[in-house]
Amino acid sequence: MTHAIPAPVSHDRLATAVRFLAADAIEKANSGHPGMPLGMADVATVLFSRFLKFDPQEPKWPDRDRFVLSAGHGSMLLYALLYLTGYEDVDLEQVKSFRQMGARTAGHPEYGHVAGVETTTGPLGQGIATAVGMALAERMMNARFSDAAVDHYTYVMCGDGCLMEGISQEAISLAGHLQLSKLIVLWDDNGISIDGKTSLSPSEDHLARFVAAGWDAVRVDGHDAEAVATAIATARESDRPSLIACRTVIGKGAPNKQGSHKIHGAPLGAEELAAARVALNWPHEPFAVPEDVLDAWRLTGAKGDGSRMAWEARMSFLSQDKYDEFQRLSEGLMPRGWQSDLLAHKKALSEAKSKVATRKASQDVITVLSKAIPELIGGSADLTGSNLTKGDNQVSIAPGAFAGNYIHYGIREHGMAAAMNGLAVHGPFIPYGGTFMVFTDYLRPALRLSALMGVRVVYVMTHDSIGLGEDGPTHQPIEHLASLRAMPNVLVMRPADAVETAECWQEALNQEHRPSVLALSRQNLPTLRTEHTIENRCAKGGYVLSEPSAPRVVTLIATGSEVALAVDAAKVLNAEGIATAVVSLPCWELFDEQPADYRSSVLGHGGVRMAIEAGSPMGWERYVGTHQPILGINCFGASAPADKLFEHFGFTVDNVVQTVKTRLG
């Protein structure tokens, strides 16, 4: 007895299943964006069914292709594909629970919430910029381990909004310069934005723009499956990154709303959804997928098992050392010995008692760490010599030369931060990047995504106060510490000396699930921790740096460069019989996580508490109380030498001493 071979399921039926799963879920939720899933279903079907290398049964296998839905509002397109191809995380109940509390199918794709989502997207432009970091990570791993171990593509699906956002220019410029040929962007070129036709605001030629940045760029009919497939196949053979502009009809299949901005961000409505079913010959109940169509999609997902097993077979040809190192990195394990190397460095700092800027102290730490941690990848937004972010032994990455461990991002702070997110989520790299503290304003949206995704990215932000001096108020951060501390799941660390800098670096690297900001000084600071301790005192966020011999009357609490000021003021107060302790509080977030009795023991009981920090005083009330003195800055700075600025704004021993005495009465 023979069995009939099932007839192939047409592209149109595969794509239509995607369309209606998305539309039905959005309708049930009464919330969402149907225009993009309906319009890009053809392109997505070609990509997933013919090109994308993935395995739903092992969604994290290292050599899978990465797919980034930069136009994150079209999330139901991705969720529909994940369900159809057999991802366990996205069953039909998850599709039906789109945008509901507790569901994995969030309104925008969220990294870590559901398998198959490679990065959080939603803020337009972030996806394409993060994907640049992913594509770079692939090339860097390939340079270390060969084609046998690492050889995959990064695909991005973006919309007009992604390309309008300024970060996209930073991203495509960097990708073109580095010749990231395994990066392929599929642009939903539908000519529509929320306000109406895109001609209302932009008029540039995006293809010419990409070509000028060193990309290949073509335009195809996004509803012609063969044209899309030919374009992707050609892009895969290019020696440049590729843009494929897919001319589509937004909301395709909805007969009365397609092609209009009205279908971008609202459910179709029962009447239009019914009309679409007729127009696309889909006479099935909501969420129903014909058996032959679902089987065909599941077969597409099952093909990934063969790709993964072939990769596993190739891995067996690596040398044992290479194989073991790849496994260590894949498992996210830090190399042995790195903390002991750093501890030895910290001991040497306490003994040397040098007076150095914490940015320089950070560079010295980087030199130690980059020798011990191969996956540590540095960089700067064209401020390497100012941020001091390159260790003595680090090698720059360049087009076609990806074996190094330092990236010159150019003057692209926002693009740098997003690329670092890409390096982190791709794995196994631990990226850090530098710019001036004031320019966290330029990269803040990507930093917020670092925090939201819970990834280990280290932001080395130098020139952290008025202490940078003559460059003046445009470059002097005032409100920045307070604003960064307001962001959830970010460690903001402002070390007081070289020893604290080493400890803060250590703690930043120990944080697997949140980013850190290191706020570092331009000016030299004395070593305050001259007695070596094995304990990382900064890991608790704050500690008593000096305690008076008599019961405390005054507690001076400071961060960064102002800790030395507090120490000097405490010497005067103690000499006058006013028992004064000094607390260094480099990281509020870590301190707040300590037990209440520890925090109380550090801050002291009763008496005068005074906070000292050369920035906005906002938030310090939680540590000193509402009626205690706070020495901060409530206005912009000025252009002058640093010592004159500190004197002008009251950061002097005399002012601290007099403020305490006045408070004591």
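Here the structure is a predicted model, which means the values were calculated and not measured. (Residues numbered from 1 in each chain as written. Predicted model: local features only at pLDDT ≥ 70, side-chain atom pairs only at ≥ 80, totals over all residues. Heavy atoms only, no water.)

A. Spotlight on the sheet that holds strand β10 (residues 406-408). Taken in spatial order, the 6 strands of this open sheet run β10-β9-β11-β12-β14-β13, and their pairing is parallel. Pairing within the sheet leaves two strands with one partner each, and these edge strands are β10 and β13 (491-493). Direction aside, neighbouring strands of the sheet carry axes that sit 20 degrees apart on average. Bridge count for β13 against strand β14 (residues 516-520) is 3 bridges, and the pairing is parallel. Across the sheet, valine 492 pairs through a bridge with valine 517, a residue of β14. (Pairing = 2+ DSSP bridges. Helix = DSSP H or I, 4+ residues; strand = E, 2+ residues; numbered from the N terminus. Axes fitted to C-alpha atoms, helices over the stretch in contact; angles between N-to-C directions.)

B. Expanded view of the pairing of strand β1 (residues 66-69). Neither face of β1 is left uncovered, since the one carrying Arg66 and Val68 and the one carrying Phe67 and Leu69 both have all their residues buried. Across 4 bridges, the pairing between β1 and strand β2 (residues 154-158) is parallel. Pairing of phenylalanine 67 across the sheet is with tyrosine 155, part of β2. (Buried < 20%, exposed > 50% of the residue type's maximum accessible area, 1.4 Å probe, protein only.)

C. Geometry of the pattern of salt bridges. Throughout the structure, instances matching the rule amount to 29 salt bridges. Note that aspartate 292 and arginine 13 form a salt bridge whose closest N and O atoms lie 2.6 Å from each other. Of this pair, aspartate 292 sits in helix α11 (residues 291-315) while arginine 13 sits in helix α1 (residues 11-29), and the two are 279 residues apart along the sequence. Where arginine 19 meets aspartate 42, a salt bridge forms, and the shortest distance between an N and an O atom there is 2.8 Å. With arginine 19 in helix α1 and aspartate 42 in helix α2 (residues 35-51), this residue pair connects regions lying 23 residues apart in the sequence. Judged by relative accessible area, aspartate 42 falls into the buried class, the value being 5%. (Salt bridge = Lys/Arg side-chain N within 4 Å of Asp/Glu carboxyl O.)

D. Focus on empty space enclosed by the protein. Across all of its chains, the model carries 2 cavities of 30 Å³ or more by this definition. When its volume is computed, the largest cavity comes out at roughly 110 Å³. In terms of lining, the largest cavity is formed by 13 residues, of which the most central are Leu52, Phe54, Tyr87, Gly116 and Glu118. Elements with a contribution of two residues or more to the lining of the largest cavity: β1 and α3 (75-85). In the lining of the largest cavity, the residues fall into 8 nonpolar, 1 polar and 4 charged. Roughly 40 Å³ of volume is contained in the second largest cavity. Around the second largest cavity sit Phe67, Val68, Leu69, Leu78, Pro109, Val117, Glu118, Thr119 and Thr121, which together line it. The element best represented in the lining of the second largest cavity is β1, accounting for 3 residues. Residue composition of the lining of the second largest cavity, grouped by class: 6 nonpolar, 2 polar and 1 charged. (1 Å grid on protein atoms, 1.4 Å probe; cavity = no way out; pocket = protein on both sides within 12 Å on 5 of 7 lines; lining within 4 Å. Points joined across faces, edges and corners; volume = space filled by probe spheres on them. Nonpolar A, V, L, I, M, F, W, Y, C, P; charged D, E, K, R; others polar.)

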